[in-house]
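Listed below, chain by chain, are the residues.
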Amino acid sequence: MAARKPIILCVDDEDTPLLLRKLVLQKAGYDVVTAGSALEALKIAESQKVDLVLSDHLMPGVTGAELAQQMKAQYPHLPIILLSGVNEIPSGAEFADTFLSKVEGPDRLCQAVAAALEGTS
Amino acid sequence: MSTHEPVNILMVDDQPGKLLSYEAILGPLGENLLKANSGREALELLLKKEIAVVLMDVSMPDIDGFQLADMIREHPRFQKTAIIFISAVHLTDVDRLKGYERGAVDYISVPVIPELLRAKVSVFAELHRKNQQLERLNRELERRVAERTEELRESEAQFRSLANSIPQLAWMANPDGSIFWYNQRWCDYTGTGVEETNGWGWRALQHPDHLQRVIEGIRRASSAGEPWEDTFPLRGQDGSYRWFLSRALPIRDASGLVVRWFGTNTDITDRKQAEEALVKSERLAAMGRLAGIIAHEINNPLEAISNAFYLLREHPSLDEEAKYYSELAKKELERVAHITKQTLSFYRESERPVPVSLCELLDDVVELQSRRLQLNNVVLDKRYRSSGVIHGFPVELKQVFLNLIGNAVQAMPDGGRLRIHLFESKERHSGREGVRVSVYDTGTGIRGEHAKKIFEPFFSTKATKGTGLGLWISRGIVQKYEGTIRFRSLRVNGGNTTCFSVFIPAKVIRNLADPVASSGTLGQMVPSQYGSA
């Protein structure tokens, strides 16, 4: 019997990058739910099953690193990948399992997602 | 009478009556009149007091006037004491001559004319007073001269010790600018003495690029009599030049005429270098910030575009031509990603360092370059003397060696040898243990004028092919490991050999499976063409 598709919670304050990331992940065989902010992401995680969080770091209000910290406090085993376009590792990035540069491209992104899910299974 | 200081007048006669009459005659002069009844008494008084004039009778019992005069004259103190003889007898010219020979200044015969005696004594008393004043003045003058001489000697000594203790080179010049004195520091720095650099001889120590300007400046200042200031290099005794800020002030006499110049040269080389270094480091920091900002602004849309093309490429509606175009676009996008990744490579892929095998990492990099190696006809020579397993961040370390090996291969478009050394090493000056990777090529070499710039951002010799960031980023990464990166470019046997050497202070991890032994990469893949020394 076919296994359930892993559900990825994608977080970004910018719509277009969020949509494209969602499409790439869907193409890679994942179910994707999106959130436009960290707070929205926390609400979604409360209301439904999520297997992995993929969040942009630099967002207005609560940053990706802060989101990772809060998520880990509530769901210690939930893998979290932090994405960023900045060239320095932000403080708080250690709460995420993986820190990934946006320029790595879709292939590396899918690999990182697969590896993070692998670690939990 | 004048308010003059009275002088002593000694009157000598054996007859008290005569003494009384002289006293009466000379009383109005207002001088001190001393009386002696005999030659002996006169001598006693002479020894006790300062006598201006001796008035004496020639014929006296015991010691007569001539004998007394002889005695008086023998004493150095009385060489110039005026002696006036009075005599009623012996009035021949021979007698007078005898009196004068004994130093008499005058001869008065009896009967004494009071006015005449008074006038004569008065003249000699006045003369004595004048002499005394003159002597006093002389003594005062001598004392002041001595004092002043001592002051000058002291101030000269003070000036010299001051001039020699200041950190500056100091000198004095004539009004026309020719130098006649230098302090010790000048001699120590230049290794020359006053003899060689006297006058205008200092020109030999000037840097030829500045000489003309400096001389013109000095001429201008000396003709205008205005303070002079200039900055120029001066040659030291070791032959190297250092920069000096030089100043001179005119020293004028009471009439305002310039009599000399006093000048100093202050070594500002270190200050100048520090300023330049500061400007440079500020520029580098600004460039780093700029590169970071630009990279960040590009990365966000770049990710979106990459994802969009990823989706587009796979879309079933695309025909072959469209697929070809999207493939081209993908390749170009990868180039953009590569550049921003280079500027962005300051990020670390994980928070904690992990064991990294430099041996494997170098093989990966060589693998990435394998096509280029083939195309350029480059012979590879690997000499791994260690597994080089250290704690680090693989992506950024790979970046360093990708840059170095990539540069080496690019420097050999017409073939050559690429030699990669990996060995455990101790840094000579610090004694730190670590790993050294050296990358040698026999390519185009590094020109001397580029040597200072190659680690600067946006410096490239590859025209449009390079970003000019590779070595700058590599150095930044190596420095994060507190390591060093350096290079040497030598011409050997008509060809160039360039070596970039990276030292990373780290403890090599031993308990992992040694890839040197297992992968068989130890030793040479192709015979070495290099000397074995």
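Every value quoted in this text rests on a predicted model; they were computed, and no experiment measured them.

A few words now on the overall build of chain B. Helix and strand counts for chain B stand at 16 helices and 17 strands. Scored against the burial criterion, the 533 residues of chain B give a buried share of 30%. For chain B, long-range pairs separated by at least 24 residues make up 64% of all intrachain contacts whose partners lie at least 6 apart in sequence.

In the case of a regular strand, side chains alternate between the two sheet surfaces. Residues and elements named next belong to chain B. Sheet topology note: the strand S6 (residues 169–173)/strand S10 (residues 258–267) ladder contains 5 bridges and is antiparallel. By the bridge assignment, Trp-171 is partnered in S10 with Gly-263. Summarising the sheet, strand S9 (residues 241–252) and S10 pair through 9 bridges and their orientation is antiparallel. Paired with Ser-246 across the bridge in S10 is Asn-265. Linking S9 to S10, which pair antiparallel, is a turn of 5 residues; within it Gly-256 sits at a positive phi near 90 degrees.

For the rest of this paragraph, the subject is the sheet that holds strand S3 (residues 52–56) of chain A. Residue and element names in this part refer to chain A. Sheet architecture is open: 5 strands sit in the order S2-S1-S3-S4-S5, paired in parallel fashion. Strands at the two margins of the open sheet, each flanked by one partner only, are strand S2 (31–35) and strand S5 (98–101). The average angle at which neighbouring strand axes cross in this sheet is 20 degrees, direction not considered. Examined bridge by bridge, strand S1 (residues 7–11) and S2 share 5 bridges and lie parallel to one another. Counted as the bridge partner of Ile-7 is Asp-31 from S2. With respect to the sheet, helix H3 (residues 64–74) is in contact with S1, S3 and strand S4 (80–84), its orientation differing from that of S4 by roughly 175 degrees.

Next up on the list: unusual backbone geometry. Phi is positive for Asn-377 of chain B, close to 60 degrees, though the residue is something other than glycine. Among the structural elements, Asn-377 of chain B can be located in the loop between helix H12 (370–375) and strand S12 (378–384).

Next up on the list: the sheet that holds strand S3 (residues 51–57) of chain B. Residues and elements named next belong to chain B. One open sheet holds the 5 strands; their spatial order is S2-S1-S3-S4-S5, and the pairing between them is parallel. Each edge of the sheet is formed by a strand with only one pairing partner; in this case those strands are strand S2 (32–36) and strand S5 (104–109). Strand-to-strand, the axes of this sheet are offset by a mean angle of 20 degrees, without reference to chain direction. The pairing of strand S4 (residues 82–87) with S5 spans 5 bridges and is parallel. Residue Ser-87 lies in a different strand from S5, and its bridge partner there is Ser-109.

Our focus in this paragraph is the nonpolar core. Counting residues in hydrophobic clusters, the biggest one holds 43 residues, and the most contacted among them are Leu-358, Leu-362, Phe-401, Ile-405, Val-437 and Val-439 of chain B. Of all the secondary structure elements, the ones that give two or more residues to this core are helix H11 (358–368), S12, strand S13 (389–392), helix H13 (394–410), strand S14 (416–426), strand S15 (433–441), helix H15 (470–480) and strand S17 (495–505) of chain B. Broken down by element, this core gets its largest block of residues, 8 residues, from H13 of chain B. When neighbours within four sequence positions are excluded, Leu-358 of chain B is seen to be in contact with Gly-388, Ile-390, Leu-422, Val-435 and Val-437 of chain B. Core analysis: the next-biggest nonpolar cluster, separate from the first, contains 35 residues, Leu-25, Ile-81, Leu-82 and Phe-99 of chain A among them.

Axis angle and axis distance: for two packed helices, these are the angle between their axes and the distance between the axes, and together they describe the pair. All names here are of chain A. Direction vectors running N to C along helix H2 (residues 38–47) and H3 enclose 20 degrees, while the axes themselves pass 10 Å from each other. Relative to H3, the element H2 is oriented roughly parallel. The hand of the H2/H3 crossing is right-handed. Residues Ala-38, Ala-41, Leu-42 and Ala-45 of H2 form the contact with H3, whose participating residues are Glu-66, Leu-67, Gln-70 and Met-71. Partitioned by chemical class, the residues of the contact of H2 with H3 number 6 nonpolar, 1 polar and 1 charged.

Calculation notes
- Residues numbered from 1 in each chain as written.
- Chains lettered and ligands numbered in written order.
- Predicted model: local features only at pLDDT ≥ 70, side-chain atom pairs only at ≥ 80, totals over all residues.
- Helix = DSSP H or I, 4+ residues; strand = E, 2+ residues; numbered from the N terminus.
- Buried ≥ 20, exposed ≤ 12 C-beta atoms within 10 Å, placed from the backbone.
- Contact = placed C-beta atoms within 7 Å.
- Pairing = 2+ DSSP bridges.
- Axes fitted to C-alpha atoms, helices over the stretch in contact; angles between N-to-C directions.
- Core = buried A, V, L, I, M, F, W, Y, C linked by C-beta atoms within 7 Å.
- Parallel < 35°, antiparallel > 145°, perpendicular 65-115°, else oblique.
- Left-handed = near helix turned anticlockwise from the far one by under 90°.
- Nonpolar A, V, L, I, M, F, W, Y, C, P; charged D, E, K, R; others polar.

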